Amino acid sequence: VHAALTESVTAVRVNASYRSVDIVADPTVAQIAVTGQHTVRREGTTLVVESMDSPFTLNDVGEPGAKGHASFSFADLPRGLAWAKSWTEQRLVVRVNPELPVELDAAGASVKISGIEGGAKLRVIAAALKLERVRGPLDLDVLSSSVKGFAAPTGTSRIACESASVKLLLGAGSDVRITSRNRL
């Protein structure tokens, strides 16, 4: 047995683009349980969930899929708009043990994270992120996105945003110091 496979899982990373993503704490789950189109792999002690297909990625025969090349044509616009709209209905649901720290890389996504107790490292680009009852160390990198919700950051936490909006209600036990920089 490979040594890395016998080590306990210590974190969960979710990589997703162009879809709705729900990351929900579930104490009945030992590590993770995932529904929706995805792949899972292990990197050391981290479980990595990926759902990166975009609505503009085609497979080798010109249909939606992970392989091949991106393509766009104005001739396909009526079909393309309906297809692109249906893509927003593709939902990825990741149920996570609440004690596991969560990492997220999301682009063009609508993301909701709730009940996480182990902290979170979140990077979002052109996304909408909603936090509900997130506790522990919080590391947010937000670019051209919106972040709203409730969090109780502890330990070393940071929020960096550029061309973004961040509105967080801080929970009891939050220990924060706020500094800001404005660059033109």
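All of the points below concern the structure found in this document. (Residues numbered from 1 in each chain as written. Predicted model: local features only at pLDDT ≥ 70, side-chain atom pairs only at ≥ 80, totals over all residues. Heavy atoms only, no water.)

Thoughts on the sheet that holds strand β2 (residues 20–25)
- On the basis of which strands lie adjacent, the open sheet formed by seven strands has the order β3-β6-β2-β8-β10-β12-β14 and mixed pairing. Looking at which strands have only one partner, the edges of the open sheet turn out to be β3 (32–35) and β14 (165–170). Direction aside, the axes of adjacent strands within the sheet are offset by 15 degrees on average.
- Summarising the sheet, strand β12 (residues 146–153) and β14 pair through six bridges and their orientation is parallel. Bridging from a neighbouring strand, F150 pairs with L169 of β14. (Pairing = 2+ DSSP bridges. Helix = DSSP H or I, 4+ residues; strand = E, 2+ residues; numbered from the N terminus. Axes fitted to C-alpha atoms, helices over the stretch in contact; angles between N-to-C directions.)

Digging into the sheet that holds strand β5 (residues 46–51)
- Strand order in the open sheet made by the seven strands is β4-β5-β1-β7-β9-β11-β13, with mixed pairing throughout. Each edge of the sheet is formed by a strand with only one pairing partner; in this case those strands are β4 (39–43) and β13 (158–162). Averaged over neighbouring strand pairs, the angle between their axes works out to 10 degrees when direction is ignored.
- The sheet contact formed by β4 and β5 spans five bridges and is antiparallel. Looking across to β5, one finds that V40 is bridged to V49.

Re the pattern of salt bridges
- Considering all chains together, one arrives at 11 salt bridges under this definition.
- Its salt-bridge partner being D105, residue R123 comes within 2.6 Å of it at the nearest N-O pair. Placement of the pair is R123 in strand β9 (residues 120–125) and D105 in strand β7 (residues 102–107), with a sequence separation of 18 residues.
- Classification of R123 by relative accessible area gives partly exposed; the value is 24%.
- Judged by relative accessible area, which is 25%, D105 ranks as partly exposed.
- Between D139 and R158 there is a salt bridge, with its nearest N and O atoms 3.1 Å apart. Of the two residues, D139 sits in strand β11 (residues 138–143) while R158 sits in strand β13, which places them 19 residues apart along the sequence.
- Residues participating in the shared-partner salt-bridge network are R13, R41, E43, E50 and E103. (Salt bridge = Lys/Arg side-chain N within 4 Å of Asp/Glu carboxyl O. Buried < 20%, exposed > 50% of the residue type's maximum accessible area, 1.4 Å probe, protein only.)

A short note on the environment of T156
- Note on placement: T156 falls in the loop between β12 and β13.
- With 19 residues separating them in the primary sequence, T156 and P137 have C-alpha atoms 5.8 Å apart.
- In contact with T156, other than residues within four places in its own chain, are P137 and L138. (Contact = heavy atoms within 4.5 Å.)

Some points on unusual backbone geometry
- Residue Y18 is not a glycine yet carries a positive backbone phi of 55 degrees.
- With respect to the helices and strands, Y18 occurs in the loop between β1 (11–17) and β2.
- Non-glycine residue A126 carries a positive phi angle of around 50 degrees.
- Relative to the helices and strands, A126 resides in the loop between β9 and β10 (128–136).
- In this structure A126 comes out as partly exposed when scored by relative accessible area, which is 47%.

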